[in-house]
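# Commentary on secondary and tertiary structure
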Amino acid sequence: MLILVTSPSRELHPLNIDMEDNRRKQTKGCDLRSRLQRRSSHAPNTERLSTEEIILWSQSLERLLTSKYGMATFQAFLKSEFSDENIEFWLICEDYKKIKSSFRLSSRAKKIYKTYIEAEAPKEINIDHKTRDLIGQNVKTPSTVCFDEAQRIVYSLMEKDSYPRFLRSNIYRTLLDSASDYTKM
(Lines give C-alpha, C1' and ligand atoms only; values in the text may rest on other atoms or scores of the structure.)
Protein backbone atom coordinates (compact mmCIF):
# COMPACT_ATOMS: atom_id res chain seq x y z
CA MET A 1 0.00 0.00 0.00
CA LEU A 2 1.07 3.54 -0.70
CA ILE A 3 1.18 5.92 2.24
CA LEU A 4 -0.18 9.36 1.53
CA VAL A 5 0.91 12.22 3.77
CA THR A 6 -1.74 14.82 4.46
CA SER A 7 -0.95 18.48 4.74
CA PRO A 8 -3.11 21.55 5.14
CA SER A 9 -4.11 23.23 1.89
CA ARG A 10 -2.57 26.59 1.08
CA GLU A 11 -4.56 29.44 -0.30
CA LEU A 12 -2.94 31.59 -2.97
CA HIS A 13 -3.00 35.15 -1.72
CA PRO A 14 -1.60 38.03 -3.77
CA LEU A 15 1.32 38.41 -1.36
CA ASN A 16 2.50 34.83 -1.60
CA ILE A 17 1.96 34.14 -5.31
CA ASP A 18 5.66 34.75 -5.97
CA MET A 19 6.60 32.31 -3.21
CA GLU A 20 4.22 29.73 -4.72
CA ASP A 21 5.75 30.27 -8.18
CA ASN A 22 9.25 29.79 -6.75
CA ARG A 23 8.16 26.59 -4.96
CA ARG A 24 6.68 25.25 -8.21
CA LYS A 25 9.90 26.03 -10.10
CA GLN A 26 11.94 24.20 -7.46
CA THR A 27 9.77 21.08 -7.55
CA LYS A 28 9.05 21.14 -11.28
CA GLY A 29 12.18 19.20 -12.10
CA CYS A 30 11.55 16.58 -9.40
CA ASP A 31 10.09 13.31 -10.50
CA LEU A 32 6.56 12.86 -9.10
CA ARG A 33 7.13 9.17 -8.42
CA SER A 34 10.20 9.82 -6.29
CA ARG A 35 8.38 12.55 -4.37
CA LEU A 36 5.51 10.15 -3.64
CA GLN A 37 7.93 7.45 -2.51
CA ARG A 38 9.80 9.89 -0.26
CA ARG A 39 6.50 10.93 1.31
CA SER A 40 5.55 7.32 1.92
CA SER A 41 8.45 6.98 4.36
CA HIS A 42 7.16 9.73 6.69
CA ALA A 43 5.27 8.40 9.70
CA PRO A 44 3.20 11.30 11.16
CA ASN A 45 -0.24 12.07 9.70
CA THR A 46 -0.16 9.13 7.33
CA GLU A 47 -2.85 6.82 6.04
CA ARG A 48 -2.54 3.96 3.63
CA LEU A 49 -3.94 4.42 0.14
CA SER A 50 -4.48 1.17 -1.70
CA THR A 51 -4.09 0.48 -5.39
CA GLU A 52 -7.69 -0.75 -5.32
CA GLU A 53 -8.95 2.62 -4.09
CA ILE A 54 -6.99 4.47 -6.78
CA ILE A 55 -8.42 2.12 -9.41
CA LEU A 56 -11.95 2.78 -8.08
CA TRP A 57 -11.47 6.47 -8.87
CA SER A 58 -11.47 5.55 -12.55
CA GLN A 59 -14.98 4.04 -12.36
CA SER A 60 -16.82 7.34 -12.03
CA LEU A 61 -16.46 10.96 -11.01
CA GLU A 62 -18.81 10.23 -8.12
CA ARG A 63 -16.45 7.52 -6.80
CA LEU A 64 -13.52 9.90 -7.12
CA LEU A 65 -15.31 12.68 -5.23
CA THR A 66 -16.45 10.41 -2.40
CA SER A 67 -12.85 9.41 -1.65
CA LYS A 68 -11.01 11.81 0.66
CA TYR A 69 -7.75 11.34 -1.24
CA GLY A 70 -9.47 11.11 -4.60
CA MET A 71 -11.00 14.52 -4.00
CA ALA A 72 -7.69 15.99 -2.85
CA THR A 73 -5.84 14.55 -5.86
CA PHE A 74 -8.50 15.78 -8.29
CA GLN A 75 -8.40 19.24 -6.74
CA ALA A 76 -4.61 19.32 -7.04
CA PHE A 77 -4.90 18.31 -10.69
CA LEU A 78 -7.48 21.04 -11.42
CA LYS A 79 -5.39 23.61 -9.57
CA SER A 80 -2.35 22.63 -11.66
CA GLU A 81 -4.43 23.37 -14.77
CA PHE A 82 -5.79 26.63 -13.35
CA SER A 83 -9.35 25.28 -13.58
CA ASP A 84 -10.29 24.61 -9.98
CA GLU A 85 -13.27 26.99 -9.86
CA ASN A 86 -15.69 24.24 -10.87
CA ILE A 87 -14.79 21.84 -8.07
CA GLU A 88 -14.66 24.73 -5.59
CA PHE A 89 -18.14 25.83 -6.64
CA TRP A 90 -19.49 22.27 -6.48
CA LEU A 91 -18.08 21.74 -2.97
CA ILE A 92 -19.34 25.09 -1.73
CA CYS A 93 -22.81 24.20 -3.00
CA GLU A 94 -22.66 20.89 -1.15
CA ASP A 95 -21.87 22.79 2.07
CA TYR A 96 -24.48 25.44 1.27
CA LYS A 97 -27.24 22.80 1.15
CA LYS A 98 -26.51 21.91 4.79
CA ILE A 99 -27.17 25.42 6.14
CA LYS A 100 -30.19 25.61 8.44
CA SER A 101 -30.26 29.32 9.37
CA SER A 102 -32.17 31.51 6.91
CA PHE A 103 -29.87 34.46 7.69
CA ARG A 104 -26.74 32.40 6.94
CA LEU A 105 -28.44 30.97 3.84
CA SER A 106 -29.09 34.46 2.50
CA SER A 107 -25.63 35.73 3.36
CA ARG A 108 -23.87 32.72 1.85
CA ALA A 109 -26.05 32.76 -1.30
CA LYS A 110 -25.02 36.34 -2.00
CA LYS A 111 -21.36 35.50 -1.46
CA ILE A 112 -21.52 32.46 -3.76
CA TYR A 113 -23.32 34.52 -6.40
CA LYS A 114 -20.70 37.30 -6.29
CA THR A 115 -17.78 34.85 -6.35
CA TYR A 116 -18.93 32.29 -8.95
CA ILE A 117 -22.10 33.29 -10.79
CA GLU A 118 -22.30 36.95 -11.70
CA ALA A 119 -20.68 38.13 -14.93
CA GLU A 120 -16.98 38.92 -14.41
CA ALA A 121 -16.99 37.18 -11.00
CA PRO A 122 -13.48 36.43 -9.66
CA LYS A 123 -14.03 32.66 -10.08
CA GLU A 124 -16.79 32.74 -12.68
CA ILE A 125 -18.05 29.30 -13.67
CA ASN A 126 -19.10 28.40 -17.20
CA ILE A 127 -22.90 28.38 -17.22
CA ASP A 128 -25.43 29.63 -19.75
CA HIS A 129 -27.09 33.04 -19.52
CA LYS A 130 -30.51 31.55 -18.76
CA THR A 131 -29.17 29.67 -15.72
CA ARG A 132 -27.23 32.74 -14.57
CA ASP A 133 -30.44 34.82 -14.68
CA LEU A 134 -32.43 32.11 -12.89
CA ILE A 135 -29.88 32.01 -10.08
CA GLY A 136 -29.92 35.80 -9.89
CA GLN A 137 -33.65 35.55 -9.17
CA ASN A 138 -33.20 32.61 -6.77
CA VAL A 139 -30.66 34.49 -4.67
CA LYS A 140 -33.26 37.19 -3.91
CA THR A 141 -35.22 34.58 -1.93
CA PRO A 142 -32.57 31.92 -1.29
CA SER A 143 -33.29 28.28 -0.54
CA THR A 144 -31.04 25.26 -0.27
CA VAL A 145 -31.74 24.42 -3.93
CA CYS A 146 -31.13 27.83 -5.53
CA PHE A 147 -27.78 26.72 -7.03
CA ASP A 148 -28.85 23.20 -8.03
CA GLU A 149 -29.08 23.86 -11.78
CA ALA A 150 -25.63 25.50 -11.91
CA GLN A 151 -24.23 22.72 -9.76
CA ARG A 152 -25.68 20.12 -12.15
CA ILE A 153 -24.13 21.92 -15.14
CA VAL A 154 -20.73 22.19 -13.44
CA TYR A 155 -20.78 18.52 -12.43
CA SER A 156 -21.60 17.57 -16.02
CA LEU A 157 -18.71 19.72 -17.31
CA MET A 158 -16.30 18.10 -14.87
CA GLU A 159 -17.57 14.63 -15.75
CA LYS A 160 -17.23 15.18 -19.51
CA ASP A 161 -14.03 17.24 -19.57
CA SER A 162 -11.93 17.50 -16.41
CA TYR A 163 -12.43 13.95 -15.15
CA PRO A 164 -11.30 12.19 -18.37
CA ARG A 165 -8.26 14.51 -18.54
CA PHE A 166 -7.51 13.67 -14.90
CA LEU A 167 -7.57 9.94 -15.68
CA ARG A 168 -5.09 10.50 -18.53
CA SER A 169 -2.94 12.88 -16.47
CA ASN A 170 0.58 12.28 -15.26
CA ILE A 171 -0.63 12.89 -11.69
CA TYR A 172 -3.13 10.01 -11.76
CA ARG A 173 -0.95 7.63 -13.80
CA THR A 174 2.08 8.20 -11.58
CA LEU A 175 0.05 7.74 -8.41
CA LEU A 176 -1.42 4.51 -9.78
CA ASP A 177 2.02 3.24 -10.88
CA SER A 178 3.55 4.17 -7.52
CA ALA A 179 0.82 2.36 -5.61
CA SER A 180 1.27 -0.70 -7.83
CA ASP A 181 5.06 -0.59 -7.37
CA TYR A 182 4.64 -0.23 -3.61
CA THR A 183 2.38 -3.31 -3.36
CA LYS A 184 5.03 -5.35 -5.20
CA MET A 185 7.65 -4.61 -2.51
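Everything discussed here concerns the structure shown above.
Right, let's walk through the structure included here. (Residues numbered from 1 in each chain as written. Predicted model: local features only at pLDDT ≥ 70, side-chain atom pairs only at ≥ 80, totals over all residues. Heavy atoms only, no water.)

On to the overall build of the chain. Within the chain, the regular secondary structure consists of 10 helices and two strands. For the chain, the sequential pattern of α-helices and β-strands runs β-α-α-β-α-α-α-α-α-α-α-α. Residue pairs in contact within the chain that sit at least 24 positions apart in sequence constitute 66% of those at least 6 positions apart. Accessible surface, the chain as shown: approximately 11,600 Å² in total, 52% of it carbon and sulfur. (Helix = DSSP H or I, 4+ residues; strand = E, 2+ residues; numbered from the N terminus. Contact = heavy atoms within 4.5 Å. Areas by Shrake-Rupley, 256 points an atom, 1.4 Å probe, with all protein chains shown as cover.)

The next subject is the environment of Leu 61. Its location among the elements puts Leu 61 in helix 4 (residues 61-66). It is 6.1 Å that separates the C-alpha atoms of Leu 61 and Glu 159, two residues lying 98 residues apart in sequence. Excluding residues that lie within four positions of it along the chain, Leu 61 makes contacts with Phe 74, Tyr 155, Met 158, Glu 159 and Tyr 163.

Here we take up the environment of Lys 110. You can see Lys 110 is positioned in helix 7 (residues 102-117). Residue classification places Lys 110 among the partly exposed positions, given a relative accessible area of 47%. In this structure, the C-alpha to C-alpha distance between Lys 110 and Val 139, residues 29 residues apart in sequence, is 6.5 Å. (Buried < 20%, exposed > 50% of the residue type's maximum accessible area, 1.4 Å probe, protein only.)

The contact between helix 5 (residues 68-80) and helix 9 (residues 148-168) brings their axes to 10 Å, and the two run at 95°. Compared by their axis directions, helix 5 and helix 9 come out roughly perpendicular. When helix 5 is examined against helix 9, the residues Thr 73, Phe 74, Phe 77 and Leu 78 are found in contact with a partner set consisting of Met 158, Ser 162, Tyr 163, Arg 165 and Phe 166. Residues that form the contact of helix 5 with helix 9 fall into these classes: six nonpolar, two polar and one charged. (Axes fitted to C-alpha atoms, helices over the stretch in contact; angles between N-to-C directions. Parallel < 35°, antiparallel > 145°, perpendicular 65-115°, else oblique. Nonpolar A, V, L, I, M, F, W, Y, C, P; charged D, E, K, R; others polar.)

Our next topic: the side chain of Asn 86. By secondary structure assignment, the location of Asn 86 is in helix 6 (residues 85-96). On the accessibility criterion, Asn 86 (11% relative accessible area) is buried. Apart from the residues lying within four places of it in its own chain, the contact partners of Asn 86 are Ile 125, Val 154 and Met 158.

What follows concerns the pattern of salt bridges. Counted under the stated rule, the structure contains nine salt bridges. Asp 148 serves as the salt-bridge partner of Lys 97, at 3.5 Å between the closest nitrogen and oxygen. With Lys 97 in the loop between helix 6 and helix 7 and Asp 148 in helix 9, this pair connects stretches of sequence that are 51 residues apart. On the accessibility criterion, Asp 148 (29% relative accessible area) is partly exposed. (Salt bridge = Lys/Arg side-chain N within 4 Å of Asp/Glu carboxyl O.)

Inspection of the entire model under this criterion finds eight aromatic pairs. Geometrically, the ring pair formed by Phe 74 and Phe 166 is edge-to-face, given 5.4 Å between the ring centres and 85° between the ring planes. Taken together, the residues Phe 74 in helix 5 and Phe 166 in helix 9 connect sequence positions 92 residues apart. The exposure class assigned to Phe 74 is buried, which follows from its relative accessible area of 0%. Geometrically, the ring pair formed by Phe 89 and Tyr 116 is tilted, given 5.6 Å between the ring centres and 55° between the ring planes. One end of the pair, Phe 89, is in helix 6; the other, Tyr 116, is in helix 7, with 27 residues separating them in the sequence. Summarising the burial analysis for this pair, Phe 89 and Tyr 116 share the class buried. Every member of this aromatic cluster is reached through a ring pair, and the members are Trp 57, Phe 74, Phe 77, Phe 166 and Tyr 172. (Phe/Tyr/Trp six-rings, centres within 6.5 Å; stacked < 30°, edge-to-face > 60°.)

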